[in-house]
Structures are given as C-alpha cells and as structure tokens.
Amino acid sequence: MTTRPPVEDLSPQQAIEELAALAAALDRANRAYHQADAPEISDAEYDELKRRNAAIEARFPGLKRPDSPSEQVGAAPSETFAKVRHARPLYSLENAFAETDVPEFVDRVRRFLNLPADAPLAFTAEPKIDGLSLSLRYEAGRLVSAATRADGEVGENVTPNARTIPDIPARLSGAPEILEVRGECYMSHADFAALNARQAEAGARTFANPRNAAAGSLRQLDPSITAARPLRFFAYAWGELSAPLADTQTAAIARLAALGFATNPLMATCTSTEEMLARYRAIEAQRATLGYDIDGVVYKVDRLDLQARLGFRSTTPRWALAHKFSAERASTRLEAIDIQVGRTGALSPVARLLPVTVGGVVVQNATLHNADYIAGRDSKGNPIREGRDIRVGDWVTVFRAGDVIPKIEDVDLSRRPADSVPYRFPDTCPVCESDVVREPGEAVHYCTGNLICAAQAVEKLKHFVSRGAFDIEGLGAKAIEAFFTEGWIREPADIFTLEARHGADLRGRDRWGEKSAGNLFAAIEARRRIPLDRLIYALGIRHAGETAARIVARHYGSWGRFAAAMQAARDHEGAEWAELNDISGVGETLAGSLVDYFHEPANRDAVARLVAELAIGDVAAPAASGSPIAGKTVVFTGTLERMTRAEAKARAEALGAKVAGSVSARTDYVVAGPGAGSKEKAARELGVAILSEEDWLALIG
Ligand code: AMP
Ligand code: ZN
C-alpha cells in the first residue's frame, strides 16, 4: 500500500485501473467481514483503502464507478437469514481522523444552514461503539422485529436472537405507536475474555476481538446459542416513528433512556468546537477503562429540525461526523512489568496492560525491550521519549503495526500517579535468584544461573523440540512445561528415555491416554535419527541459529569431527581454532560461543547423554564436485527478496562458490535483484551471465 504513487501523479488510465482494483478489494473485505464475521484485513487497512478510493474519486469525479465503494454501506445480507427491508435505511457516518476536520465540519454545517459564526449551534458528542448496528421495531409497544444493518437497505432478521438480549426490552410503555430504535450490539471486554476462554476450553473457535464475538454471537441460526452469549445494547438513534420523540438529539436519547433502553453515559452536549474536542480527548482518555470497545467519537447536530434541513448525502448524514481514534495506537494503563527469562538467560521486560483493542486485536502485553528502554535512554545513553521513564501505574501509548509485537511508545506524565516510583530492573533472576549481569556494550541483562535456572532449562527444551530443531509432534511448549514441572524431562536426553521411565504413567494420565501417549512416543522414536545441523541448532547455543548451524555442520560433516574440533579449540588457539574461524560465515563471536559451550563440563555431560540416545546423520561436505557452482565466482547486486545478502553469500560459499564484491572478466555469474545498477551494467558489457534471484535459486536447487 505504501508504494502507490500520490493521487496527483495518477494518469486517468491508472485511476481507472486502481478504482477497479479498490472496488474489488473493498467488496471482498466487506463480504468477509459482514457475511463470514471473519475479517481478512485490519480496520486500518480497510480505512486506508476507502480513503484512497475517495481521494482518487475526488480528483477524477468522472471516473467514479457505478458500483463505487463510497456509495455502499457494508455488504449484501448473507443468504442464511430471512431478509428485512428497513423502513428507513440505516446510515453510515462520515469519518474524520484529524482534529482539524472538526472545525471544518462545523463550518460546513454553518454554511449549509446559512448560520452566522456567532449564532448558537449545539452538537452532541458520544462514543462510537465498536459493535454491530441493530434496528429494533416496536409496534404498539411490542418488539416485532430486529434486523442487522447489512447493506443499510435490507438487513437480516435476527428477531428471536435479539429477544434474548437483556438490554433490549420486549415491551415498552408510553412509546409512540411505531418506534424503530437503533443502536449498537456489543460485548464487554470481560465477557469477551470469558467467552474466548470457554470456547478454547471446548476446542471451539475463538474470536479476534469483541466485535467479531458480538457479530458471531448475534448472527446465529439457533437463538439459544445467542442467549448463552453475553450481548449488550446501547441505543443512540431511531428510524421510523409515528410521532417525534423530542426536539433535540439530547432529549430524544433521554426519552429512549426513559423508555428503558441503555444509553451511553458519556454522551454530552457541546456548544463550541473547543468543547467538542475537549469531549473527544476526555472520552479517549477513558477508552481503556470503559470495559468495552469504542473506536471514536460521534458528533451530531443537536437540533432535530436542523438535522432534517441538513439531510443526507448518498449514505451519510450531513449532520454527523465520526471522529476516529488512531487505528494503531491507544493509551492504556501499565499494570505491571514482568521479567521473562529466555533460553540464553536474557531477561526481557514485558508490560502487562489493561486490555485495549488496537487495530482490531486485543492487546494486553507489550515488549519493553530492556532496562534502558524503560529508563528512557537508548543503548548509547542518549535520551529517548525526551528522557521520560516508564513506571508501573503510568498511562502509556501502545503502538501496534501489522503483526509485530506491540510496543510501548510513550508515557503520559500528566496522568502519572503521585506515589509512583521509578522502575528498578531486578539484579537477581526472578526464577532462580542467581545474579544478573550486563555485559559491557550490551543492552541486555543475563541470568548467570545457566544450569540451575529452571526458566532457561525450560526455554532450552522448548527450543530443542521446536520447528527447525527436533520438531517433535505432540511435544509443544505446554507439554514441555508440564513434564518439566513433573520432573520427567529436565534435559534433552530425558525426552528419549521418557517412555522407558514414565510410559505407563503417561498412558494412564488424564487428557493423555493410550492413543496420544502412543503417538508421542512414536514421534520421539522417529527423531532419534537426526541430521548434524539440526542437532547443533537444537542445542540452543548463543549465536548458533539455523544458518550458522548448517554452515558449521557442512564444514565438519560428522558429529565425531565436529565434537573433536570443539574440544581441540577450547582455549581459543591452535589449528582447530583457526580452522573454525576461517569457515566463511563464522565470525569470532559464533566461534567463541560454540567452543565455550562445549568447554563447560555440565554442557558436555548433558550432550554426551543426549548423543548416546541418537543416531546422528552426516551432512554432505560442502563444495561437493556435484555442486553446479563449485569453484565459480559469483557477485550479488541489487535487493534480494528471498534471503538476506549474508545468507545468500553463506549458501553460495557452502556450495563451493567464491563470492566477490565486484564484477570482472573472471566473474561467472552476477545475481541481480531489483535496483541493481553499475554491476549489472558491467556484467552485460563483459558478457557475464546475469541471473535473477529465481534463476539463481533454481541453479543451486
Ligand atoms: P461506519 O461503520 O464507520 O460507517 O460507522 C457507522 C456506524 O457506526 C453506524 O452504522 C453504527 O453502527 C456505528 N455507531 C457506533 N456508535 C454510534 C453512535 N454513537 N452513533 C451513531 N453510529 C454509531
Ligand atoms: Zn535464572
């Protein structure tokens, strides 16, 4: 999305193509969202597509499509529910993201009504509830139908389901003969968490956020399922009426409240733009503690006669504006800082937050990186966040983009509790109580308890059975934790003696039983044969990632040669030490880490016990004469998309090629990615073969 040209630079032809693509993408997103209750793109992405579409349409009004997404509200109703034609269509709202959009909106309203700047003009401001809208029709005080919005014209009949929602009265007294009440059906955070826990327990699907949970719960063909789901409803609007409710929005909502509907307590009447913005900020500040999701503030012209004069554009009223909160950020309270100990002993601080929905996902944990980050400085000691530190009890801004782990971006000092104290990073490990050290020049603190530290042991075991390592099916993180606590598995070798020691126990155990225990033991047996590179990676030695493990394994070929070399190089000197350091792709850090690991007697013993259980497969020596690039000289240029430069170089060298930095007559291949420049040109002039990344991968297999 970021690479699209600015709208001003589009040619009409490009605009036509992009409008078509946007219409298709938005239609697809609408269907996934409304019909399957399973969004495929985030709200932020959706809004971005809509904005882009609107911007292109504004620049090329003549190219606007008959099926333009800006004319549509949601998707057509799904096929499974009976249809209800709304007596008056349900509207959508014009969105605003910037504060400056608010005075512009007010000015537009004034101009439309021809009201001078000093004539009074009141607006209501209220939270925009992030649920799904529902229209309830009452005739003679009885609820006769309930319908979802769907495309705004025709909705789905969910009357039996709506009757199960406690906030929705079945009968009203003193209501107009015909009264359509509109509002938002939603689920509270607490009910959402409890529902997901129950679903997970029952092995049923869980929901990404409270809104999906509400939609999935309301749109059930079996109303008894809806009845078991804790749905809520806020009334904020109306449709067809046989008699007016009041003269103003404020009074009309008060009337609905008097009739027995839940209305939002944060709604306020504002008489100036400043008051509207102040209300917006006040509501945003309370967002995390409301207990339900809101995604903005809605302003509405208060006088209903003025609303009538302002009327509607195609699907949005001219008298209302939805001022949205930022999609990627939210402020919430930092409840605690926990320290997690990783397999290498690294201590990572994790923020525990008051749950808040950011970009459609409920966030309750965020990374705090390290002690310096919490203290408000970077690893060089320079201030970050202008030096503001982060304390338990602070209100913080959480940032989340795409799938990355949420981060704490900033802290609001104006909301800091008076009795707060600076956070003290622990000087002992929270799990084993060993001392914590920080190596010079490193930002990370490490637990020195290595072998006695249960946290490190468990994390090492989890790593040992993970995907790129032993990958033992049925032995995931949860099972490892349980077996560790039990004392059944304390080190990798124990995995391979588990059946002999505890086979009978496990077969008879709750939630395991004969079959899954049998499967687990079979999966373990299948992994007794393991290639050398996977074994090295599985040990979880610092700096020895998958690529490094492969390089080293290819060099030594067999466990025997590898183990002997590590032993011989233990003092960081001599021929074997030099050989290890000379392997292309092995730096001094990795070499030292490998050798030191095997120098440690406890590690050596544990590895010996493990190796006794295994049949370790040799790894083909590199530069095998069968390699198509053995002895060739290769130059990489431009951007590689499938791997980093470093990895590409390591792989080429492992296959016996020489990687050079510049092109000459002796170069055999130039691998050119996008953005390649002078080197590709030189290759062309010298007649050197030029390969794309794809060609290259095909060549090396
Ligand atoms: P949008 O879906 O972004 O076009 O926003 C319009 C929708 O916001 C309406 O259809 C309602 O479902 C929803 N909404 C939530 N809270 C309110 C509110 N307080 N007033 C009006 N609409 C609201
Ligand atoms: Zn420890």
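Here is a short report on the structure shown in this document.

## Some details on the coordination of the zinc ion (ligand 2)
Thought 1: Protein coordination of the zinc ion (ligand 2) is provided by C429 (SG), C432 (SG), C447 (SG) and C453 (SG), with donor distances spanning 2.2 to 2.4 Å.
Thought 2: One chain supplies every donor for the zinc ion (ligand 2), spaced along it as C-x2-C-x14-C-x5-C. With C432 in the loop between β16 (407-411) and β17 (436-438) and C447 in strand β18 (residues 445-447), this pair connects stretches of sequence that are 15 residues apart. The same class applies to C432 and to C447, which are both buried.

## Brief notes about the sheet that holds strand β22 (residues 658-660)
Thought 1: The four strands are arranged β22-β21-β23-β24 in an open sheet whose pairing can be described as parallel. Each edge of the open sheet is held by one strand with a lone partner, namely β22 and β24 (689-691). Mean inter-strand twist for the sheet, computed between neighbouring axes without regard to direction, equals 30°.
Thought 2: The pairing of strand β23 (residues 669-672) with β24 spans three bridges and is parallel. From the neighbouring strand, V671 faces β24, where its bridge partner is L691.
Thought 3: Here helix α22 (residues 645-654) sits on the sheet in contact with β21 (633-637) and β22, set at roughly 170° to β21.
Thought 4: Across the face of the sheet, helix α23 (residues 678-686) comes into contact with β21, β23 and β24 while running at roughly 140° to β21.

## Considering the site of ligand 1
Thought 1: The environment of ligand 1 is made up of 13 residues, and the closest members are S92, R149, E184, Y236 and K300.
Thought 2: Within the side chain of R149, one N or O atom sits 2.8 Å away from an oxygen atom of ligand 1.
Thought 3: K300 is positioned with one of its side-chain polar atoms (N or O) 2.9 Å from a nitrogen atom of ligand 1.
Thought 4: The dominant element in the shell around ligand 1, judged by the number of residues it contributes, is strand β3 (residues 123-129), at four residues.

## With respect to the pattern of salt bridges
Thought 1: Scanning all chains against the criterion turns up 42 salt bridges.
Thought 2: K128 is the partner of D295 in a salt bridge, and the nearest nitrogen-oxygen pair spans 3.8 Å. Of this pair, D295 sits in strand β10 (residues 294-301) while K128 sits in strand β3, placing them 167 residues apart in sequence. Here the two residues D295 and K128 agree in accessibility, since each one is buried.
Thought 3: In this structure, K462 and E481 form a salt bridge, with 2.6 Å as the shortest nitrogen-oxygen distance. Taken as a pair, K462 in helix α12 (residues 454-464) and E481 in helix α13 (residues 477-486) lie far apart in primary sequence, 19 residues in all.
Thought 4: Each member of the salt-bridge network shares a partner with another, and the members are R137, E139, E180, R182 and E240.

## Here we look at the nonpolar core
Thought 1: In this structure, I495 and L580 are the most contacted members of the largest nonpolar core, which totals 62 residues.
Thought 2: Split by domain, the residues of this core number at least three in each of domain 4 (450-527) and domain 5 (532-617).
Thought 3: Apart from residues lying up to four places away in sequence, L580 is in contact with Y556, M566, V586, A591, L594 and V595.
Thought 4: Listed in part, the 35 residues of the second largest apolar core include L143, I168, F207 and L231.

## Points about the packing of aromatic side chains
Thought 1: The final tally for this structure, using the stated rule, is 19 aromatic pairs.
Thought 2: For the pair Y423 and F425, a centre-to-centre distance of 6.4 Å together with 90° between the ring planes defines the contact as edge-to-face.
Thought 3: Using a relative accessible area of 24% as the deciding quantity, one classes Y423 as partly exposed.
Thought 4: Among the residues examined, F425 registers a relative accessible area of 14% and is labelled buried.
Thought 5: Grouped by ring-pair contacts, the aromatic residues Y556, W559, F562, Y597 and F598 constitute a single cluster.
Thought 6: Residue placement shows R415 over the ring face of W395; its charged tip is 3.8 Å from the ring centre.

## Some remarks on the layout of surface pockets
Think of a ball as big as a water molecule: rolled over the atoms, this probe shows where empty space is left.
Thought 1: The volume enclosed by the second largest pocket comes to roughly 970 Å³.
Thought 2: Looking at the second largest pocket, it is lined by 39 residues, and the ones nearest its centre are N450, L451, K460, Y597 and N603.
Thought 3: Looking at the lining of the second largest pocket, the elements with two or more residues in it are β18, α12, α14 (492-507), α20 (588-599) and α21 (601-611).
Thought 4: Residue composition of the lining of the second largest pocket, grouped by class: 21 nonpolar, nine polar and nine charged.
Thought 5: Two domains each donate at least three residues to the lining of the second largest pocket, and these are domain 4 (450-527) and domain 5 (532-617).

## Observations regarding α22
Thought 1: Of the residues making up α22, those classed as buried are A648, A650, A652 and A654.
Thought 2: Among the structural elements, α17 (546-556), β21, β22 and α24 (693-700) are those in contact with the buried residues of α22.
Thought 3: With its phi angle positive at about 95°, G656 sits one or two positions after the end of α22.

## Re empty space enclosed by the protein
Thought 1: Applying the stated rule across the entire model yields one cavity of 30 Å³ or more.
Thought 2: Estimates place the volume of the largest cavity at around 30 Å³.
Thought 3: Lining the largest cavity are H189, R287, Y292, D293, I294, V356 and T357.
Thought 4: Considering only residue class, the lining of the largest cavity consists of three nonpolar, two polar and two charged.

## Looking at unusual backbone geometry
Across residues other than glycine, the phi torsion is negative in most instances, and most of the peptide bonds are trans.
Thought 1: Positive phi, close to 50°, is recorded for E386, a residue that is not glycine.
Thought 2: Counting through the fold element by element, E386 comes out in the loop between α11 (371-375) and β15 (395-399).
Thought 3: By relative accessible area, E386 is classed as exposed at 70%.
Thought 4: With a phi angle near 50°, D471 is a residue other than glycine that sits in the positive phi range.
Thought 5: Using a relative accessible area of 28% as the deciding quantity, one classes D471 as partly exposed.

## What about the environment of D471?
Thought 1: Structurally, D471 can be placed in the loop between α12 and α13.
Thought 2: In sequence terms D471 and A538 are 67 residues apart; their C-alpha atoms lie 9.4 Å from each other.
Thought 3: With sequence-adjacent residues up to four places away left out, D471 is seen in contact with F464, V465, S466, R527 and R534.

## Structural notes on the sheet that holds strand β2 (residues 95-96)
Thought 1: The sheet built from five strands is open, its strands ordered β2-β11-β10-β3-β9 with mixed pairing. Each end of this open sheet is capped by a strand with a single partner; those strands are β2 and β9 (268-270).
Thought 2: Both β3 and β10 contribute to a ladder of seven bridges, which runs antiparallel. Its bridge partner lying in β10, E126 is registered against V298.
Thought 3: Strands in contact with helix α3 (residues 101-113) are β2, β3, β10 and β11 (320-324); relative to β11, the strand with the most contacts, it is inclined by about 175°.

Thresholds, definitions, all that
- Residues numbered from 1 in each chain as written.
- Chains lettered and ligands numbered in written order.
- Predicted model: local features only at pLDDT ≥ 70, side-chain atom pairs only at ≥ 80, totals over all residues.
- Heavy atoms only, no water.
- Donors = N, O, S within 2.8 Å, 3.2 Å for Na, K, Ca; no water.
- Helix = DSSP H or I, 4+ residues; strand = E, 2+ residues; numbered from the N terminus.
- Buried < 20%, exposed > 50% of the residue type's maximum accessible area, 1.4 Å probe, protein only.
- Pairing = 2+ DSSP bridges.
- Axes fitted to C-alpha atoms, helices over the stretch in contact; angles between N-to-C directions.
- Contact = heavy atoms within 4.5 Å.
- Near = heavy atom within 4 Å.
- Polar contact = N/O pair within 3.5 Å; in protein donor to acceptor, adjacent residues only side chain to side chain.
- Salt bridge = Lys/Arg side-chain N within 4 Å of Asp/Glu carboxyl O.
- Core = buried A, V, L, I, M, F, W, Y, C linked by side-chain atoms within 4.5 Å.
- Domains from an automatic or database assignment.
- Phe/Tyr/Trp six-rings, centres within 6.5 Å; stacked < 30°, edge-to-face > 60°.
- Lys NZ or Arg CZ within 6 Å of the ring centre and 35° of its normal.
- 1 Å grid on protein atoms, 1.4 Å probe; cavity = no way out; pocket = protein on both sides within 12 Å on 5 of 7 lines; lining within 4 Å.
- Points joined across faces, edges and corners; volume = space filled by probe spheres on them.
- Nonpolar A, V, L, I, M, F, W, Y, C, P; charged D, E, K, R; others polar.

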